[in-house]
Amino acid sequence: MFQSLKSLARVASVSDLRNKILFVIFILALYRAGSAIPAPGIDLDAVQNLKEQAEQGAGVLGFLTLFSGGALTQFALFALGIMPYITASIIMQILTVVIPRLEQWSQQGAVGQRKITQWTRYLTVAIALLQSTGLAFLFHNGGGGLLGAGGGVDLGIDLFGGDENFNTGRILIVVLTLTAGTALLMWMGELITQRGIGNGMSLLIFASVVSSFPVAGAQINAERGMALLLPLLLLGVAIMVAIVFVELGQRRIPVQFSKRVVGNKMTGGQSTYIPLKVNQSGVIPVIFASSVLYLPLLFTQVLPADRSWAVSIQRWVDTNLVQPDSIVYILVYGFLIVGFAYFYTAIQFDPAKQADTIRRQGGYIPGIRPGPQTERYLGRILNRITLPGALFVAMIALLPSILLVSADITNFPFGGISVLIAVGVMLEFMKQIDSQLMMRNYEGFLN
């Protein structure tokens, strides 16, 4: 406790670090402000109706609101949130493995990465245009499927205030506003990464997730009392402790460097280790899996409501891909989390490159010959520790939500996904501050 207070005092005493943290807070405050300002051309009474409908039955809307911090229910400037960028990033990373030109860019260092980033931005804007257009037409036609009614049911929500206001000019204003909001949000996230501390996109998602905690907690306390709220808070604390324990877990691979004579000096001979985290990919698999899972949910909203086959698809998706206690939801979501954990780990840590780096630096793993044997050894260890880490992330993302649904609680934010994202992002943020303090010969928070 006292060590943490001393570390906070040291952070405040270092002007450069203090300014970076204040900059991050300022950007996040702007983001939250933009999440409360409705887009122009929208009927404010209909927005209030939308919020009330979302509180009564979340449906697909509750799934999407998690990553927008409530901005979608207010049809705000940042209603789309950062999800178009995440979707574009997933597509680009998958295409990097498939398209040779993108693979060449990924191997060109900073120059190639800038090209990939630029195309990711273009793709983000394109996805935002499609999503904002779809939402505009959806909320003019009642929004029944998005709110969980399914089957093209009209819930009486028209954010445009009637057919007389639903014209090309009004649609363009709304679509361009939501798309510009996504582009601005993407720029704000990049500013945090460049001038602040931590990953900007992750911090924006963190702000979206934690913004719902106080309101949802107060609502449960008002409706069902402290007798239920207190056990749920204890459940949230237990989940956080488990996440921190696994997130900090490492498998340390020892590496020994041979002695070499450089000029008149003897160098090398040191021993170090390669830290392989149990959960090497962090919260990225959960974010990616959520982004992929909500694509079919949005797709069903553009299907014709007067066709029986379209209504059947809408009902099946709403029943199986939205409800946390559905066996299809559990299997699909869990499979996506485990798959993305292996996928992202393979991108972040390449055993072949690591083995080649160790060999070129004159190092070796005790008992393992340099070269292909080291590569196979690292790959085998990585696969073995990635599986339990991925299964843990999937369990944390699914099990608490299933328990909450079983207790007839649909609006409590301490579900597995929310806590996993919040704790994972904050741990990474604390590590970034730690590294900044260590550079200045200070002790950090996590020491």
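All figures in this text were calculated on a predicted structure; none of them were measured in a lab. (Residues numbered from 1 in each chain as written. Predicted model: local features only at pLDDT ≥ 70, side-chain atom pairs only at ≥ 80, totals over all residues. Heavy atoms only, no water.)

Enquirer: Help me understand the overall build of the chain in this model?
Expert: Of the regular secondary structure elements, the chain holds 17 helices and five strands. Expressed as a percentage of its 447 residues, the buried residues of the chain come to 48%. (Helix = DSSP H or I, 4+ residues; strand = E, 2+ residues; numbered from the N terminus. Buried < 20%, exposed > 50% of the residue type's maximum accessible area, 1.4 Å probe, protein only.)

Enquirer: Just to check I follow, could you spell out the packing of aromatic side chains for this structure?
Expert: Aromatic ring pairs: the centre-centre distance and the angle between the two ring planes describe each pair. Scanning all chains against the criterion turns up six aromatic pairs. Relative to Y122, the ring of W119 lies with its centre 5.5 Å away and its plane at 90°, an arrangement referred to as edge-to-face. Pair noted here: W119 and Y122 are both in helix α7 (residues 110–140), with a separation of three residues, about one helical turn. With centroids separated by 5.6 Å and ring planes inclined at 80°, the aromatic side chains of F288 and F340 adopt a geometry described as edge-to-face. Here F340 lies in helix α14 (residues 327–348) and F288 lies in helix α12 (residues 284–300), a separation of 52 residues in the sequence. With a relative accessible area of 6%, F288 lands in the buried category. Sitting over the face of the ring of Y31, R32 holds its NZ or CZ atom 5.7 Å from the ring centroid. (Phe/Tyr/Trp six-rings, centres within 6.5 Å; stacked < 30°, edge-to-face > 60°. Lys NZ or Arg CZ within 6 Å of the ring centre and 35° of its normal.)

Enquirer: Mind showing me how you'd approach the confidence of the model for the chain here?
Expert: Low pLDDT means the predicted atomic positions in that stretch should not be read closely. Overall, the predicted model of the chain reaches an average pLDDT of 77, with 79% of residues at or above 70. In this model, residues 144–154 is a region of pLDDT below 50 whose contacts with residues beyond four sequence positions or in other chains number 38 contacts. (pLDDT = per-residue confidence, 0-100. Contact = heavy atoms within 4.5 Å.)

Enquirer: Would you take a moment to explain helix α10 (residues 213–224) for this structure?
Expert: Residues spaced three or four apart along an α-helix point in a common direction, a consequence of the helix completing one turn every 3.6 residues. With twelve residues, α10 should reach 16 Å at 1.5 Å per residue; the first-to-last C-alpha distance of 16 Å fits that figure. Downstream of α10 by one or two residues, G225 has phi in the positive range, about 85°. (Expected span 1.5 Å × (residues − 1).)

Enquirer: Is there a simple way to think about a nonpolar patch on the surface in this case?
Expert: A contiguous nonpolar patch, built from I91, I94, L95, V97, V98 and I99 and spanning about 480 Å² of accessible area, is present on the exposed surface. Mapped onto the elements, I91 comes out in helix α5 (residues 83–98). (Patch = residues over 30% accessible without salt bridge, like charges linked within 9 Å, V, L, I, M, F, W, Y side chains within 5 Å. Areas by Shrake-Rupley, 256 points an atom, 1.4 Å probe, with all protein chains shown as cover. Salt bridge = Lys/Arg side-chain N within 4 Å of Asp/Glu carboxyl O.)

Enquirer: What's the story with the sheet that holds strand β4 (residues 271–277) in this structure? I'm lost.
Expert: In a beta sheet, neighbouring strands are held together by backbone hydrogen bonds and run either parallel or antiparallel to one another. Read from one edge to the other, the open sheet built from three strands follows the order β4-β1-β5, with strand pairing classed as antiparallel. One side of each edge strand has no neighbouring strand; the edge strands of this open sheet are β4 and β5 (363–364). (Pairing = 2+ DSSP bridges.)

Enquirer: When you look at the environment of F23 in this model, what are you seeing that I'm missing?
Expert: Among the secondary structure elements, F23 is positioned in helix α2 (residues 15–34). A C-alpha to C-alpha distance of 7.6 Å links F23 and I192, two positions 169 residues apart in sequence. Leaving out residues up to four positions away in the same chain, F23 has contacts with L191, I192, R195 and G196.

Enquirer: Help me understand the packing of α2 against helix α8 (residues 168–195) in this model?
Expert: The angle between the axes and the distance between the axes are what describe a pair of packed helices. Following both chains from N to C, one finds α2 and α8 inclined at 170°, their axes separated by 10 Å at the closest point. Taken together, the axes of α2 and α8 lie roughly antiparallel to each other. Along its contact with α2, which presents K20, F23, V24, I27, L28, L30 and Y31, the element α8 presents L185, M188, L191, I192 and R195. When its residues are assigned to classes, the contact of α2 with α8 shows ten nonpolar, no polar and two charged. (Axes fitted to C-alpha atoms, helices over the stretch in contact; angles between N-to-C directions. Parallel < 35°, antiparallel > 145°, perpendicular 65-115°, else oblique. Nonpolar A, V, L, I, M, F, W, Y, C, P; charged D, E, K, R; others polar.)

Enquirer: Would you mind showing me how to read the pairing of strand β1 (residues 250–257) here?
Expert: Residues in a regular strand project their side chains so that they alternate between the two faces of the sheet. In this structure, β1 lies alongside β4, joined through seven bridges in antiparallel fashion. Pairing of Q250 across the sheet is with K277, part of β4.

Enquirer: Sorry, what's going on with the side chain of T182 here?
Expert: When you line up the elements, T182 lands in helix α8. Dropping the residues within four chain positions of it, T182 is found in contact with L80, G81, P84, T124 and A128.

Enquirer: It is not clear to me how the pattern of salt bridges should be interpreted in this structure. Could you clarify?
Expert: Pairing between side chains becomes possible if they bear opposite charge and their charged atoms approach one another. Following the criterion strictly, the structure yields five salt bridges and no others. Across the pair K20 and D16 runs a salt bridge, and its minimum N-O distance is 3.9 Å. With K20 and D16 both in helix α2, this residue pair falls four residues apart, about one helical turn. Between E247 and K277 there is a salt bridge whose closest N-O contact spans 3.6 Å. Of this pair, E247 sits in helix α11 (residues 226–247) while K277 sits in strand β4, and the two are 30 residues apart along the sequence. Comparing E247 with K277 shows no difference in burial state: the two are buried. Here the residues in one salt-bridge network are D356, R359 and R360, joined through shared partners.

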